[in-house]
Amino acid sequence: MKRKLHPALIAFAVLVFIFLTGPLVIIIGSSLSSSEFLEFPPQGLSLRWYENAFDISAFRRTMGTSFFLAVAGTALSMLVGVPAAYAMARYRVQLPGWLGNVFVLPVLIPEIVLGFSIMKTITTGYEVPVLPSLLIGHALLVLPYCVRVTGASLNSFDFSIEEAAVSLGCPRWKAFFIVILPNIRAGLIAAFILAFITSLNDVSISLFLTGPGVSTLPIQLLAHMEQFFDPTIASVSVVLMFITVGVMAVVERTLGLTFLTK
Amino acid sequence: MTVSLTLENITAHYGKTMVLEDLNLHVGEGELVSLLGSSGCGKTTTLRLVAGFLEPTAGHIRLGDRDLTRLPSHARDIGLVFQTYALFPHLSVKDNVAFGLKQRGIATAERNKRAMDMVERVGLSGFADRYPANLSGGQRQRVALARALVIDPPLLMFDEPLSNLDAKLRVEMRVEIRRLQQANGTTALYVTHDQEEAFSISDRVAIMNKGRIMQLDTPEVLYSRPANAFVADFVGFENVIEAVATGEDGDMILAEAGGALLKLPKSHFELPGKEFLLAARADGLTVTAAPGEGLPATLGLRTYLGRAYQYVCETQAGTLTANGPLGAPLETGANAVLIPQPEQCCVLPREAL
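Residues numbered from 1 in each chain as written. Chains lettered and ligands numbered in written order. Predicted model: local features only at pLDDT ≥ 70, side-chain atom pairs only at ≥ 80, totals over all residues. Heavy atoms only, no water.

Caption draft 1: The sheet that holds strand β12 (residues 252-257) of chain B, seen in detail. Residue and element names in this part refer to chain B. Strand order in this open sheet of five strands is β13-β12-β11-β14-β20, and the pairing throughout is antiparallel. Two strands close off the open sheet at either side, each with one partner strand: β13 (260-265) and β20 (345-349). Here the strands of the sheet are splayed against their neighbours by 45° on average, with no regard to which way each runs. Where strand β14 (residues 275-280) lies against β20, five bridges are found, and the strand directions are antiparallel. If you follow L278 over to β20, its bridge partner there is V347. (Pairing = 2+ DSSP bridges. Helix = DSSP H or I, 4+ residues; strand = E, 2+ residues; numbered from the N terminus. Axes fitted to C-alpha atoms, helices over the stretch in contact; angles between N-to-C directions.)

Structure representation (C-alpha cells):
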C-alpha cells in the first residue's frame, strides 16, 4: 500500500535537503572556477586552484601539522580517556555521579574561552612551545568524544567476562587488553574518528595556540582568505571534505555507520 | 586431584553492611554442595569470596592445603560458570575453551587438542568455529561448562548457571552438569535460588538466610526433617503450629495446640523442649468431619488438587492449609477436625528468627 504524502511535507523535505547539500555544491562548483574570484556559478572550468592550493607551501605545511595534531592529539586523548571511561563504567556504583560530567567540560565551555584559558596557562604561563601547546589543546578538545563514545560501549558491557578471564588464570591488567579492548573495538574506532575529525576541523582553540611558524590548515585558510578572496579556499575545503568522506567510507565499509548514532 | 573446600568463620561486609556473619562451610572431596536461598541471603557473596572477587573482613578460605584468603583471583585455579555465561564474544567456541589453557602457557598443539576434546565431550563437535553470538542459550551454557572444565580445576563453582534457560533445558543441563562433575570427581560449589534444582543435583544443600547458613544437610533430611521454622517454611511446610507438651500417655506425647489436645507418638517425635512448634505440609494434616480427636477447624475455601481436596481452615492456631480425601468433600463453613499424620509432620524448637 502506498501512503499519500502531503505536498507541503514533500516541499519541506526538499527545502531541508537543499539547505544541507547546497553549500557543498556551491563550494565544489566555485573550486572548479577558472576566474580569479570566489563566485558561483563558476566562470569556465579548471583545476588551477587545486594546483595553486598545493603550490602554496603554507597549505602543505599546515596540512601536515593538522594531520599530526589530529592523530597525536587523539592518541594522547585516548590514552587518558579510555582508562577513564573504563573506570567509570566498572566502578559506577563506587564513583560519584558527577565525575563523568567533568570529562564533558571541554564541549560545555565555549571553545573560545577554553582556547583562551589554555593559552593563558600553558603558552604564556608555563612558556610551553607552540607545537606542544597545540597538542595539549587538541587532546583536551577531543577528550569528551573519547570518554563518552568509549563509555557508551562500556556502559552495556558485561564485566563478568573480565571475571571469567581472571578465573581462568589471566591477571586483571592483561584481561583489560585481551578481553575488554577487543570487545569495545567498534567504540574505540568511533571515538577515534569523531575525535580525529573534530581536531582536524578545529578553529577556535587553534586560533589562540598557533604561533610564529606553526599553524593548522583551518587557521591558514582564514589567514589566506583575509588577503586573497580567490577559489583556493574552496579547493582546499573540497580536499578537506573528501578526506572526511573518505574516512567515513572506510568506516562504513568495515563497521557500518550505525554505530556512530548508537 | 580431589581436594576439599573449607570456609572458616567468614565475615564479609559491603561498606558498613554485614552480608555474611561467621560462616563455616566444608565441602568434601568430590562433593557437590549447593547454597540455596532467596536473593540477598549471601549465597552469591560466598561464591565471590571463594573466587577472590571480594575479600572477607575476617576468616579463612582453604582449598586442600592451600590458603586462598589473600591469593589473587587469577592464581586460585577455580573453574567458574556464570549466570550470564560470560563467554568471550570475540573468540570462537574453540578459542573460548582454550583460553584457560593459553593462560597456563600450554603449547598450541596440545591446547587445541585438549580444547577440541572438551568441546566434543559437551556435545558441540560441529560448533567449534562458531562465535558465541551464533549459539543458542543451551549451547552457550555448554561452552561455559567446557571452558571451566578444561583447565581441570580442583574446584568448580556455579553461579545460578541455569536461570537463563527454559524449563526443559534446565532439567537437561543440570543432569549434564551433575554427570560431568561426578565423572571428573571435582569438588563443586553451586549457587541457586531454585529448590528443585539444588535438591536434585546436590550431595548436600546449605539453606541460607540473611548471611547465615540455617541448615546444611542432604536434600532428604532437609525435605523431611527441617531443623528450624525458616527451613521448614522454605521446604514447603505450610503449617507451623505453636504447641506445649503437657504430659505423656504410654507411648504417646500429650500436647496442647490451638485449644485441642493432640497425641503424638514418641517413636516419631523428639521434643526440643516443653514449648515447641509442630510443622506440617497440607498433606500432613488430614481433614475429617467433626466430631473427632484433632484440631477443631471451620472450613473455608475448598480447591481440587486431583489427588485430594485442599481446604483453608480457620483454627485457634490461625489459618492452616490441610488436605481431605476425595471420597467425601466437605462444604465451606462446615466444622471439622485436623489430624496430624506423624510421618509427615515434624517438631521444631521455638526460637526467634
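Caption draft 2: How the structure looks around the nonpolar core. Core analysis: the biggest nonpolar cluster contains 95 residues, and L154 of chain A together with L5, V50, F88, M157 and L189 of chain B have the highest contact counts within it. If one sorts the elements of this core by residue count, helix α3 (residues 57-90) of chain A sits on top with seven residues. In this view, L189 of chain B contacts L5, L25, V27, V33, L35, V50, L155, L156, M157 and F158 of chain B; residues no more than four positions away in its chain are not counted. With 28 residues, the next largest nonpolar core counts A260, L278, L299 and L330 of chain B among its residues. (Core = buried A, V, L, I, M, F, W, Y, C linked by side-chain atoms within 4.5 Å. Buried < 20%, exposed > 50% of the residue type's maximum accessible area, 1.4 Å probe, protein only. Contact = heavy atoms within 4.5 Å.)

Caption draft 3: Structural detail: the interface of chain B and chain A. Across the contact, 19 residues belong to chain B and 17 residues belong to chain A. Surface buried jointly by chain B and chain A totals about 1,600 Å² across both partners, of which 62% is contributed by carbon and sulfur atoms. In this structure, the connection of chain B to chain A is made through one salt bridge. Seen at the junction of chain B and chain A, the total is seven residue pairs in polar contact (both at pLDDT 80 or more). Looking at which element gives the most residues to the side of chain B that touches chain A, the answer is helix α2 (residues 93-103) of chain B, with three residues. Grouping the constituent residues of the side of chain B that touches chain A by class yields 10 nonpolar, six polar and three charged. (Buried area = accessible area lost by both parts, 1.4 Å probe. Salt bridge = Lys/Arg side-chain N within 4 Å of Asp/Glu carboxyl O. Polar contact = N/O pair within 3.5 Å; in protein donor to acceptor, adjacent residues only side chain to side chain. Nonpolar A, V, L, I, M, F, W, Y, C, P; charged D, E, K, R; others polar.)

Caption draft 4: Region of interest: the side chain of T150 of chain A. Residue and element names in this part refer to chain A. Relative to the helices and strands, T150 resides in helix α7 (residues 130-155). T150 sits in the buried class, given a relative accessible area of 0%. Apart from the residues lying within four places of it in its own chain, the contact partners of T150 are V82, A85, Y145, I184, L188 and A191.

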